[in-house]
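The residues making up each chain are set out below.
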Amino acid sequence: AVVVGLRSNGVLVYAPKYDLKGPVYFCDKEGNVQMDPAIFGLSRFNGSASTKAFKVVKENRKLVNGECILHEPSQINSENYIEIKVSDAPRNKVIRLLDVITIQISCDDDSTRARVPLPLFHIVSEKKQDNDIRKVDKIGNIPRGIQGEVSDENVDSSNRTKSSIYNAINDVTKILPKTLRTETSKFKPCQNTRITSFP
């Protein structure tokens, strides 16, 4: 996702793949950093258990010795960026406008709500992305929200599976009556799908 805005406790991102825009929070209301310690080069056991809002990413930990600092443009420094520091960490995380970060998109699946929940965005470490990229599903597709390169073996398997699916679809369309075949060929995928809910 592309960073399009900076805040004192996080960033605003745009995910072009899904045409979604929303906030990514790095700190809770008390100012405690709640992120994956691997982002800072720390062990995954650093910190304490994260709060409910940040538990969506299982690697997240509450790092009470961390802080978010928003650097505004000044006479000394013309750059606008956010810096996330954790004491005793080998490195800090610096994010600028138009930087690309890896995020996880999810939503609150609370069954008591009548309306469609808004998507939630959470930053994840690059290491998690590399691990997840190896998990290719049965039809050869990469899981949603994961970016990166796939090995040649997975690509070949994916192409073979997709090819067999396309052949099966062609076989079915040959069996259909000519009139039905003509009608189904008129359908085009909808580009702008809106999700609506009823109270």
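Everything below is about the structure shown above.
Everything in this summary refers to the structure shown in the same document. (Residues numbered from 1 in each chain as written. Predicted model: local features only at pLDDT ≥ 70, side-chain atom pairs only at ≥ 80, totals over all residues. Heavy atoms only, no water.)

**Focus: the overall build of the protein chain**
(1) Moving on: Within the protein chain one finds 3 helices and 11 strands.
(2) Moving on: Going residue by residue from the N terminus, the α and β elements of the protein chain occur as β-β-β-β-β-β-β-β-β-β-β-α-α-α.
(3) Moving on: Within the span of the protein chain, comprising 199 residues, buried residues form 27% of the whole.
(4) Moving on: Within the protein chain, contacts between residues separated by at least 24 positions form 44% of all contacts whose residues are at least 6 apart in sequence.
(5) Moving on: Total accessible area on the protein chain stands at roughly 14,100 Å², and carbon and sulfur atoms take up 52% of it. (Helix = DSSP H or I, 4+ residues; strand = E, 2+ residues; numbered from the N terminus. Buried < 20%, exposed > 50% of the residue type's maximum accessible area, 1.4 Å probe, protein only. Contact = heavy atoms within 4.5 Å. Areas by Shrake-Rupley, 256 points an atom, 1.4 Å probe, with all protein chains shown as cover.)

**Let's talk about the pattern of salt bridges**
(1) Moving on: One pass over the structure, following the stated rule, counts 1 salt bridge.
(2) Moving on: Two residues, Glu79 and Arg96, come together in a salt bridge whose shortest N-O distance is 2.7 Å. One end of the pair, Glu79, is in the loop between strand E7 (66-71) and strand E8 (81-86); the other, Arg96, is in strand E9 (residues 93-96), and 17 residues separate them in sequence.
(3) Moving on: Look at Glu79 and you get partly exposed, because its relative accessible area is 35%. (Salt bridge = Lys/Arg side-chain N within 4 Å of Asp/Glu carboxyl O.)

**A few points about the nonpolar core**
Most often, soluble globular proteins keep nonpolar side chains buried together rather than apart.
(1) Moving on: Val11, Val13, Phe26, Phe40 and Ile95 are the most contacted members of the largest nonpolar core, which has 25 residues in total.
(2) Moving on: Elements supplying a minimum of two residues to this core: strand E1 (2-7), strand E2 (10-15), strand E4 (33-35), E8 and strand E11 (119-123).
(3) Moving on: Among all residues touching Phe40, those that are not within four sequence positions of it are Val33, Met35, Leu63, Ile84, Val86, Ala89, Pro90, Arg91, Asn92 and Lys93. (Core = buried A, V, L, I, M, F, W, Y, C linked by side-chain atoms within 4.5 Å.)

**Some thoughts on the packing of aromatic side chains**
(1) Moving on: One pass over the full model with this rule turns up 0 aromatic pairs.
(2) Moving on: One cation-aromatic arrangement involves Arg96 over Tyr81; the distance from NZ or CZ to the ring centre is 5.3 Å. (Phe/Tyr/Trp six-rings, centres within 6.5 Å; stacked < 30°, edge-to-face > 60°. Lys NZ or Arg CZ within 6 Å of the ring centre and 35° of its normal.)

**Describing the sheet that holds E9**
(1) Moving on: Spatially, E7-E8-E9 is the arrangement adopted by the 3 strands of the open sheet, whose pairing is antiparallel. On the outer flanks of this sheet lie E7 and E9, each paired with one strand and no other. Here the strands of the sheet are splayed against their neighbours by 15° on average, with no regard to which way each runs.
(2) Moving on: In this structure, E8 lies alongside E9, joined through 4 bridges in antiparallel fashion. When the bridges of E9 are listed, Ile84 appears paired with Lys93. (Pairing = 2+ DSSP bridges. Axes fitted to C-alpha atoms, helices over the stretch in contact; angles between N-to-C directions.)

**Some remarks on the sheet that holds strand E6 (residues 61-63)**
(1) Moving on: Within the open sheet, the 3 strands sit side by side as E4-E6-E5. Their pairing is antiparallel. The sheet is open, and its two borders are formed by E4 and strand E5 (48-49), each paired with just one other strand.
(2) Moving on: Here E5 runs beside E6; their pairing, made up of 2 bridges, is antiparallel. Bridging across to E6, Ser48 finds its partner in Lys62.

**Topic: the environment of Ala15**
(1) Moving on: You can see Ala15 is positioned in strand E2.
(2) Moving on: Judged by relative accessible area, Ala15 falls into the buried class, the value being 6%.
(3) Moving on: Separated by 88 residues in the primary sequence, Ala15 and Ile103 have C-alpha atoms spaced 8.9 Å apart.
(4) Moving on: When residues no more than four places from it in sequence are discounted, the contact partners of Ala15 are Ala1, Leu20 and Ile105.

**Structural notes on unusual backbone geometry**
(1) Moving on: One non-glycine residue, Asp19, lies in positive phi territory at about 55°.
(2) Moving on: Relative to the assigned elements, Asp19 resides in the loop between E2 and strand E3 (20-25).
(3) Moving on: On the basis of relative accessible area, Asp19 is assigned to the exposed category, the value being 56%.
(4) Moving on: Residues other than glycine seldom take positive phi values, yet Leu98 does so here, at roughly 70°.
(5) Moving on: Examined against the element boundaries, Leu98 turns out to sit in the loop between E9 and strand E10 (103-107).

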